[in-house]
Structure formats: C-alpha cells, structure tokens
Amino acid sequence: MPMAEQQPKFGAGDRVRVRCLNVKGHNRTPWFIRGKVGTVERCHGAYPNPESLAYGGSGEPAMPLYLVEFSQRQLWEGYEGREGDKLLADVFEHWLEPA
Amino acid sequence: MSESHGHEHPGMAHDEELGYYARRVRAMEAVLVEKGIVSGEEVERLVAEGEARTPADGARIVARAWTDPGFKNRLLADAKAAVAEMGYSESESLPDVVVAENTDGVHHLVVCTLCSCYPTWLLGRPPDWYKSLTYRSRAVIDPRGVMGEFGLELEEGVVVKVLDSTADVRYLVLPQRPAGTEGWSEVELARLVTRDSMVGVSRPLTPETVVG
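Counting restarts for each chain: residues are numbered from 1 in the order of the written sequence. Both sets of labels track the order of writing: A upward for chains, 1 upward for ligands. In keeping with the predicted nature of the model, local features appear solely for residues at pLDDT of at least 70, side-chain atom pairs appear and are counted solely at 80 or more, and the whole-chain, interface and lining totals rest on all residues. For side-chain calculations, the full set of non-hydrogen atoms in the structure is used, while hydrogens and water are omitted.

Aromatic rings from Phe, Tyr and Trp, with only the six-membered ring used for Trp, were paired whenever their centres fell within 6.5 Å, and each pair was classed as stacked if the ring planes differed by under 30 degrees, edge-to-face if by over 60, and tilted otherwise. Throughout the structure, instances matching the rule amount to eight aromatic pairs over all chains. Ring centres 4.9 Å apart and planes at 80 degrees place the aromatic pair B:Tyr20 and B:Tyr21 in the edge-to-face group. In this structure, A:Arg34 packs its charged tip against the face of A:Trp31, placed 3.8 Å from the ring centre. In this scheme, Lys NZ or Arg CZ marks a charge over a ring once it lies within 6 Å of the ring centre and within 35 degrees of the ring normal. Positioned above the aromatic ring of B:Phe71, the side-chain terminus of B:Arg64 is 5.8 Å from the ring centre.

Okay, structure coming up:
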C-alpha cells in the first residue's frame, strides 16, 4: 500500500457526501454516487491522481483513496433488492466532503 | 504500418485482415518501440506474463484461506503481503488487491462500471461478459437479477454488497467453503473454486460435482 503524502481527512465510519465537481475529462467518480451520502469503510492509502495521470501529468500530489459504502435504496429509485444491500466504490478525497 | 518494430508477427499480418482496433494497437506499439519507450521484447514479456495467469492462481489462495485461519486473517488484512507468501514475488509492481469475505450474512459481487478493472494477476484475463456494458451497468442497479441469471439465488436474509472497482485497487471475493468438504486438502479444495465464484456471480462447486 502506498504511503499517504498527507494525513487522510476521513476515517472509517465517517459520513461523507460525494461532491458534484465539474471535472472535465477523465475521472474515476461514477455519476450515480455524485451528491449521495455514504459511510467511509476504509482508507486504502494515497494514490497518484488519475485526473492528472490521464493527460501525461505526474499524478502528484498523491490523494487518499477511500472505499465508501452507500445504501442501494438511496442510489436507485425502485431498487428491488433488500433494504440492507450496499454499493461500495473507491473515491478520491477531493471528491468527498463531510456530511 | 511498419513491419520493422523489433520483432515479427509471423503469419498474422499477411493471412488475415486485422480489425480497426488491432491495427490501431499495432500502430501505437510501433511508435512506442520506434521512440524507445518500450521494446518489442518487453511487450512480448508482458503479454506472456499476463497469459500465464489463470483462475487457478486465485483458487490456490482461496483454498489456503479455507484451510489456514492465520493466512485468511493476513489475506483479509493485507492481501498483497499474504499472497507474496505463496510465491507471487512480483506483486510489488501490480495493483493493490482487497479480498472481500462472503459470510452467512453478506455476499459480495465485483464489477468495474468504468471499464474492466479486475484482479488480473490472480485470475487471469477477465471474461468478456465482465467487460460488457450490460454487466457493468446492471451489476450495480440489479445485482440480484444478474446473479439469478448466473444461477445464483441467495438465502433469505443475505445482504448484497457490490464492489465497484477502479484501477488502483482490485477486489477478489473469498467465497464460503462448501459444506461436505471437511478434511479436504488445499489441492482438493482448489478444484472447487471457480473464477465466477471469486467475482461473486456464483458459488464454488459442490463436492458432488468433482467426486466420482
């Protein structure tokens, strides 16, 4: 696991909202979680920023990457599974704010 | 395109018309080789390394986790370090892996909605359905429906957790050990562990399917 260059802002159990950033071009944040509130499951460490890497940049500074858990019922209208079903996605720190 | 990019592809370019993407990849490879960014030998070595990996690699890891609780704990805590114990020494340069354990109450399903991120160095190349737009979109919206089409119906009360992976961290499902395998060796157990059970669209094989 890569070393974090900065102390991660969030820890396991923190409630976070996915920001609706206007990033033009490549990014790794799925549209279906933008604006949604989830819970940090873990911090994976810091990884080069793909929004810079994709265009020949260095990816520095590396950004903390979190596994964030969302309730499926919150993500999809008319979700047909169970109440407790979850979706977990990896989200870079600059896409998250406290909720 | 250039035929002089460091090595030959005997028989390929001449007896068969290459498709658009194959020609495009060849052209990119030729430019990268000409500029000295990669060599033809490096490309061949990476292709060979990729082809050498199969779901049998993941199955060995799952079978060890089923038989060795200490290994399982290390695998769940830091999969790369645990897998290195089994001789996957080149794992430093490869994407990180997190292992998600299925239990009586939770079933995991892995997808990459963005493209096709997959724990390739433990499972080999992903199957075509994993890369299809259909699987990538439906696995998140209707995971139970998708699993049903693979023949998997979960017990009442089991929660589904879908893992949407991206490039930096890959997910491998640790399925539940099938009943009736008490006393089985690691090698015997590994025969029950299918690729699909490590993606989460099915369960491992049952003892009846491999015995007799």
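Turning next to the environment of B:Val47. Residues and elements named next belong to chain B. Mapped onto the secondary structure, Val47 falls in helix α3 (residues 40–52). When accessible area is computed with a 1.4 Å probe and restricted to protein chains, residues below 20% of their type maximum are described as buried, those above 50% as exposed, and intermediate ones as partly exposed. Val47 sits in the partly exposed class, given a relative accessible area of 48%. Sequence-wise, Val47 and Gly157 are 110 residues apart; in three dimensions their C-alpha atoms are separated by 43 Å. Each helix is a run of DSSP H or I of at least 4 residues and each strand a run of E of at least 2, with the numbering of both proceeding from the N terminus.

Attention shifts here to the nonpolar core. Ranked by internal contacts, the top residues of the largest apolar core, which has 72 residues, are A:Ile33, A:Leu87, A:Leu96, B:Ile61, B:Leu75 and B:Tyr135. Once you skip the residues sitting within four places of it in the chain, A:Ile33 turns out to touch A:Val18, A:Phe70, A:Leu75, A:Leu87, A:Ala89 and A:Val91. For this analysis, a nonpolar core means a set of buried residues of the types Ala, Val, Leu, Ile, Met, Phe, Trp, Tyr and Cys, connected via side-chain atoms within 4.5 Å. Note on contacts: a residue pair qualifies if any of its non-hydrogen atoms lie within 4.5 Å across the two residues.

A word on unusual backbone geometry. Outside of glycine, negative phi angles account for most residues, and trans bonds account for most peptide bonds. Note that the residue after A:Glu60, namely A:Pro61, is joined by a cis bond; omega there is -5 degrees. Following the sequence through the fold, A:Pro61 ends up in the loop between α1 (50–53) and β3 (63–71).

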